[in-house]
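Summary of structural features
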Amino acid sequence: MNLVTLELRKHRLLIGGLLLVALLWAGWMARALVTQEVLFTLAANVGFLFALLPVGLLVPIVLVRSLSSEASGPLAFLLTSPRSGLAHVAARFGVGLGTLALYYGVLAAVSAWVAGALGVRYDAWLPWVAWAYVLAAWAAPLVLVGIVYGLVLAAYRPGRGGQVVAVAATFGVFSVWSGINTLALERLDLFPQLPVPRLTLPREMAPALGLGPGELDLQHTLQSLFGSIPTFPVFTGLLLAALLFWVAVRLWEEVEWA
Amino acid sequence: MLVELREVTRRFGATVAVDGLSLVLPAGEVVGLLGTNGAGKSTTLKLLAGLLYPDAGEVRVEGEPPRRVRGRIAFLPERGQLYEWLDPKGAVGLFSTLYPDFRPRRFYELLEQLEVPKRSLSQMSKGQRARFLLAATLARKARLYLLDEPLGGVDLITRDRILAALVSEWREDATYLLSTHEVAEAEGIFDRAVFMKEGRVVLSASAEELRERGQSVAQAFREVLA
């Protein structure tokens with residue numbers, strides 16, 4: 001058992017549960033494909049994808065719960081270990097991000113498969129880039145917010161007033177995140193841009209959507225709206241993640257176990 | 001000196017848990033840290049383990065702050081708990097990962113000596129859990145062992161087993177600092193007794209010095225702390 005397998009063992013229910021949710025959704029989509037309800041399948045796929053995305057929030061919540069419950073005993077053995085705070089935090093972050101990578105990976109793969117089966121045409125890089133985008137801009141900072149918050153709870157065991165402050169501080173982190181993004185948005189030229197992907201819906205779908213005959217070229221529509229896809233959320237997400245990672249490591253090295 | 005506390009004070013809000021404590025301990029001794037409830041024993045052990053920081057004064061283990069030499073300190077907390085799913089095999093994996101000085105063979109020997117069943121913690125009694133954690137702590141080859149109430153809340157036979165395990169583990173290059181209320185049962189293994197009251201050391205004497213005064217550790221406990 002190493003620190004990574006320890007984290008996996010501790011969170012096996014969460015990991016198994018998340019993957020089960022993703023696989024059930026995949027099964028449901030497969031069943032819908034068989035019934036050939038093309039538009040319904042696509043709409044359900046997109047709709048449920050957005051509904052399932054926030055389930056990933058469970059990972060940081062479980063990390064917080066795990067760390068705060070460790071304060072009742074196991075944390076003393078972890079903190080007195082000569083292994084560095086970096087090793088402990090990296091293991092937690094690795095397992096948290098790995099779980100979300102797998103979860104969002106299943107969502108992206110199923111979406112790509114359903115879209116392909118329905119005749120939607122898109123650039124081959126789109127599912128991969130969308131997956132990496134979500135991980136860097138959303139999942140990585142989210143997992144680290146969970147680790148930092150959990151460590152604060154475990155180490156300082158704040159009372160109700162203190163917890164209100166901690167929650168306010170967490171929202172503060174999201175405000176900083178939003179602020180960095182706004183700042184980045186004003187300096188858009190500094191960041192590379194992604195091209196709007198090729199995304200074409202099949203001919204049969206157009207009438208169902210109340211449009212004229214022919215293929216529906218979403219690339220053209222999106223391009224006229226956005227021009228390109230900004231990458232600054234990825235950079236600001238990674239910046240925030242690096243900052244929170246450093247805070248978590250420092251906290252681990254300095255915390256008390258009273 | 002292996003352990004040195006100089007004028008150490010630690011507060012929790014308005015409560016002063018340790019108040020200007022000074023203590024020096026050489027290597028190779030089994031030291032009893034004795035005192036009534038709230039005397040500051042657990043706080044002192046946590047300060048030495050590097051799990052608490054002093055508000056004033058200095059704590060040194062082998063001349064360094066404890067957190068810096070935590071690989072050489074084995075700490076058994078009073079309310080020691082581990083993951084419920086942990087069994088002996090899992091504990092070997094976990095402790096080998098956490099502590100490079102952990103000796104799996106010694107751990108299994110200690111489990112046998114302490115008569116701990118080979119099942120997960122969730123299926124063990126309170127006494128078995130206490131012995132399991134003690135075995136895991138003693139299976140490390142540390143320089144300083146800090147054992148917080150290892151005899152607390154266990155039956156008489158278990159106490160004897162724990163004390164026998166401690167005696168069998170004694171090494172000349174290590175110091176064992178053991179806090180306990182069970183003075184009568186444990187006094188046979190102490191080289192030195194440190195009596196604490198209201199966060200201060202009121203008496204630190206070797207067992208030999210106490211004998212010369214015609215006192216047992218238990219008698220001194222009653223006399224000094226009553």
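I will try to describe carefully the structure that is included in this document. (Residues numbered from 1 in each chain as written. Chains lettered and ligands numbered in written order. Predicted model: local features only at pLDDT ≥ 70, side-chain atom pairs only at ≥ 80, totals over all residues.)

1. Description of helix H5 (residues 156-169) of chain B
Residue and element names in this part refer to chain B. For H5, spanning 14 residues, the distance from its first C-alpha to its last is 20 Å, which sits close to the expected 20 Å at 1.5 Å a residue. For H5, every residue scored as buried is listed here: Thr 158, Ile 162, Leu 166 and Glu 169. End-on, the buried residues of H5 take up no more than an arc of 80 degrees, which puts them together on one face. Away from its buried face by more than 90 degrees, H5 exposes Leu 156, Ile 157, Val 167 and Ser 168. On the buried face of H5, the contacting elements are helix H4 (126-138) and strand S7 (175-180). (Helix = DSSP H or I, 4+ residues; strand = E, 2+ residues; numbered from the N terminus. Expected span 1.5 Å × (residues − 1). Buried ≥ 20, exposed ≤ 12 C-beta atoms within 10 Å, placed from the backbone. Arc of directions from axis to C-beta. Contact = placed C-beta atoms within 7 Å.)

2. Observations concerning the sheet that holds strand S2 (residues 15-25) of chain B
Across a sheet, strands are paired by hydrogen bonds formed along the backbone, either parallel or antiparallel in direction. Residue and element names in this part refer to chain B. Strand order across the open sheet formed by three strands is S2-S1-S4, with antiparallel pairing between neighbours. Every interior strand has two partners, whereas the edge strands, S2 and strand S4 (56-61), have only one. For this sheet, the mean angle separating the axes of adjacent strands, direction not counted, is 25 degrees. The pairing of strand S1 (residues 3-12) with S4 spans five bridges and is classified as antiparallel. Bridge pairing in S4 links Leu 5 to Val 59. Relative to S2, helix H1 (residues 41-49) is tilted by about 60 degrees, and along the sheet it contacts S1, S2 and S4. (Pairing = 2+ DSSP bridges. Axes fitted to C-alpha atoms, helices over the stretch in contact; angles between N-to-C directions.)

3. Notes on the environment of Ala169(A)
Residues and elements named next belong to chain A. Assignment of secondary structure puts Ala 169 in helix H8 (residues 160-186). Judged by C-beta crowding, with 13 C-beta atoms within 10 Å, Ala 169 ranks as partly exposed. For the pair formed by Ala 169 and Thr 80, sequence separation is 89 residues and the distance between their alpha carbons is 28 Å.

4. Some details on the environment of Leu75(A)
Residue and element names in this part refer to chain A. Along the chain, the position of Leu 75 falls in helix H5 (residues 74-79). Its 21 C-beta neighbours within 10 Å are what place Leu 75 among the buried residues. In sequence terms Leu 75 and Ala 168 are 93 residues apart; their C-alpha atoms lie 25 Å from each other. Ignoring anything within four residues of it in the chain, the contact list for Leu 75 reads Glu 70, Ala 154 and Trp 257.

5. Regarding the interface of chain B and chain A
The interface of chain B with chain A comprises 23 residues on the first partner and 19 residues on the second. The set of elements that each furnish at least two residues to the side of chain B that touches chain A consists of H1, strand S5 (73-76) and helix H2 (88-98) of chain B. It is H2(B) that provides the largest number of residues to the side of chain B that touches chain A, a total of five residues.

6. Quick look at the sheet that holds strand S3 (residues 199-201) of chain A
All names here are of chain A. As summarised here, the arrangement of the three strands in space is S1-S3-S4, forming an open sheet in which the pairing is antiparallel. The strands lining the two open edges of the sheet, one partner per strand, are strand S1 (121-122) and strand S4 (216-217). Summarising the sheet, S3 and S4 pair through two bridges and their orientation is antiparallel. Across the sheet, residue Leu 201 finds its bridge partner in S4, namely Leu 216.

7. A closer look at the nonpolar core
In summary, soluble globular proteins display a tendency toward joint burial of nonpolar side chains. Val143(A), Leu144(A), Ala248(A), Ala135(B) and Leu146(B) are the most contacted members of the largest nonpolar core, which totals 125 residues. With 17 residues, helix H7 (residues 126-156) of chain A is the single largest residue contributor to this core. The contacts of Ala135(B), once residues within four sequence positions are left out, are Phe107(B), Leu110(B), Leu111(B), Leu114(B) and Val116(B). (Core = buried A, V, L, I, M, F, W, Y, C linked by C-beta atoms within 7 Å.)

8. Some remarks on the packing of H7(A) against H8(A)
Residue and element names in this part refer to chain A. Two elements in contact, H7 and H8, have axes separated by 11 Å at closest approach and are oriented at 155 degrees. Classed by the angle they form, the pair H7 and H8 counts as roughly antiparallel. As for how H7 packs across H8, the hand of that crossing is right-handed. Of the residues in H8, those in contact with Pro 141, Val 145, Tyr 149, Val 152 and Leu 153 of H7 are Ala 166, Thr 170, Val 173 and Trp 177. (Parallel < 35°, antiparallel > 145°, perpendicular 65-115°, else oblique. Left-handed = near helix turned anticlockwise from the far one by under 90°.)

9. So, the pairing of S2(B)
Residue and element names in this part refer to chain B. One ladder, built from seven bridges, connects S1 with S2; its direction is antiparallel. Bridging from a neighbouring strand, Val 3 pairs with Leu 25 of S2. Counted between consecutive antiparallel strands, the loop separating S1 from S2 contains two residues, among which Gly 13 sits at a positive phi close to 65 degrees.

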